[in-house]
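Listed here are the chains, written in short residue letters.
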Amino acid sequence: MTKEIQIREVRIGSGQPKICVPMTGKDRSALLEEAGRIREVKADLAEWRADFYEGLSHEESLPDMLREIRNALGEIPLIFTIRTVSEGGNAEISEKEYEKYTLTAAESGNADLIDIEYFSHENVSELIRRIQMTGAKVIASTHDFEKTDDSKTLKNRFIDMNASGADILKMAVMPQKFEDVADLMQVTCEVTEEYTEKPVIAMSMGNLGAMSRIAGENFGSSVTFATVGKASAPGQFPVEELRMMMNALHKKNVED
């Protein structure tokens, strides 16, 4: 049922899950080094975690930094993300600042996708609409670095995000037991089959959730996250290791 979205040359929502590598550099030099490494390993997507960036508060510098990152990445699609403290990130900013920075990134024309924390901000549907008017796509996201809620709550969050008009739906949660991982995978499968045609990104974090980062092809998750250096969330694999495991699983799926 999932409808694919094409971003540059990458089709999200069809084939194997796409591998996204976050950039967590604090300054220009570190970010451009990370972008170069991402291009070297031929990741499908890159994510700029701008909440790690020391210059985030200097709004006027964001378009220039985005342009340099875009040039360093070539045609690899770029996600712009400000992860706030309330959802496990580093940014302690006001809602007004959050909206201003994300709109600045969208209007720059160098961020293909903008991640928006759906449940952490008021007027989120209006913000999504304004971002989409610039031509950028929106990922509606929700993160819980402490726990995994029950299946009904997880499903309702997906359904709420689906109604927002966002282009892609993302959920990341922390398991306390293996059953939490199984619940997220089952809910994701049900949501992609019954409730939405949009690509869905779902992952269970930490060591317990490692399987969800590898097996998205089997339960409906269209993107997974890996590293070329510092991890941006617990449980991320190095990109080469993750690609090897995903290819092995894909081969087995085809053979079966």
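See the structure printed just above.
First, a word on what this report is: a plain description of the structure on this page.

1. Remarks on the packing of aromatic side chains
Argument step 1. Enumeration according to the criterion identifies three aromatic pairs in this entry.
Argument step 2. Between W48 and F80 the ring centres are 5.5 Å apart and the planes differ by 80°, which places this aromatic pair in the edge-to-face class. Taken as a pair, W48 in strand β4 (residues 45-49) and F80 in strand β5 (residues 78-81) lie far apart in primary sequence, 32 residues in all. Of the two residues, W48 and F80, both sit in the buried class.
Argument step 3. Consider the rings of Y118 and F119, whose centres lie 4.9 Å apart with planes at 90°: the pair is edge-to-face.
Argument step 4. Among the aromatic side chains, those forming a connected cluster through ring pairs are W48, Y53 and F80.

2. With respect to the sheet that holds strand β3 (residues 18-23)
Argument step 1. Taking strand neighbours across the sheet as the criterion, the nine strands line up as β9-β8-β7-β6-β5-β4-β3-β10-β11 in an open arrangement whose pairing is parallel. With partners counted over all chains shown, the strands left at the sheet margins are β9 (200-204) and β11 (237-238), one partner each.
Argument step 2. In this structure, strand β7 (residues 137-144) lies alongside strand β8 (residues 168-173), joined through six bridges in parallel fashion. Paired with T142 across the strands is M171, a residue of β8.
Argument step 3. The sheet contacts of helix α1 (residues 28-40) involve β3 and β4, and relative to β3 the element is tilted by about 160°.

3. Here we look at helix α9 (residues 239-255)
Argument step 1. Along its 17 residues, α9 runs 24 Å from first to last C-alpha, staying within 8% of the 24 Å computed at 1.5 Å per residue.
Argument step 2. What α9 keeps buried is the set V239, L242 and M246. With its buried residues spanning 65° around the axis, α9 presents them on a single face. Across from the buried face of α9, at angles greater than 90 degrees, the exposed residues are M244, K251 and E255.
Argument step 3. Where α9 is buried, its residues contact β3, α7 (210-214), β10 (223-227) and β11.

4. Overview of the pairing of β10
Argument step 1. Burial analysis of β10 places five of its five residues in the buried class, the great majority of the element.
Argument step 2. The two faces of β10 match: V223, F225 and T227 on one face and T224 and A226 on the other face are all buried.
Argument step 3. Across three bridges, β3 lies against β10 in parallel orientation. Each bridged residue has a counterpart across the sheet, and for I19 the counterpart in β10 is T224.

5. Details of the packing of α1 against helix α2 (residues 62-73)
Argument step 1. At their nearest, the axes of α1 and α2 sit 8 Å apart, and the two run at 25° to each other. In terms of orientation, α1 lies roughly parallel with respect to α2. For the pair α1 and α2, the sense of crossing is right-handed. Residue-level contacts link R28, L31, L32, A35, I38 and R39 of α1 to M65, E68, I69, N71, A72 and L73 of α2.
Argument step 2. Class assignment for the residues of the contact of α1 with α2 results in eight nonpolar, one polar and three charged.

6. Examining the environment of M245
Argument step 1. In this fold, M245 is placed in helix α9.
Argument step 2. Expressed as a C-alpha distance, the spacing of M245 and G135, which sit 110 residues apart in the sequence, is 35 Å.
Argument step 3. Among all residues touching M245, those that are not within four sequence positions of it are I214 and F237.

Conventions used here
As a convention, each chain's residues are numbered from 1 in the sequence order in which they are written. Under the rules for a predicted model, residues below a pLDDT of 70 receive no local features and side-chain atom pairs below 80 are neither given nor counted, while totals for whole chains, interfaces and linings still include all residues. Water and hydrogen atoms play no part in the side-chain values, which are based on all heavy atoms of the structure. The aromatic pairing rule takes the rings of Phe, Tyr and Trp, using the six-membered ring of Trp, and pairs them if the centres are within 6.5 Å, calling planes under 30 degrees apart stacked, those over 60 edge-to-face and the rest tilted. Here a strand is any run of E in DSSP of at least two residues, a helix any run of H or I of at least four, and the numbering for each starts at the N terminus. Type-normalised accessible area, obtained with a 1.4 Å probe on protein chains alone, sets the label of each residue: buried when under 20%, exposed when over 50%, and partly exposed for intermediate values. For two strands to count as paired, DSSP must find a minimum of two bridges between them. In this description, contact between two residues means that some pair of their heavy atoms is separated by no more than 4.5 Å. The angle between two axes is taken between their N-to-C directions and runs from 0 to 180 degrees, where each axis is a line fitted to C-alpha atoms and a helix contributes only its stretch in contact. Expected span of a helix: the number of residues minus one, times 1.5 Å. The arc in question is the one traced by the directions running from the helix axis out to the C-beta atoms. Angle categories: roughly parallel below 35 degrees, roughly antiparallel above 145, roughly perpendicular from 65 to 115, and oblique for all the rest. Rotating anticlockwise by less than a right angle from the far helix to the near helix defines a left-handed crossing, while the corresponding clockwise rotation defines a right-handed one. Each residue is assigned to one class: nonpolar for Ala, Val, Leu, Ile, Met, Phe, Trp, Tyr, Cys and Pro, charged for Asp, Glu, Lys and Arg, and polar for all the others, Gly among them.

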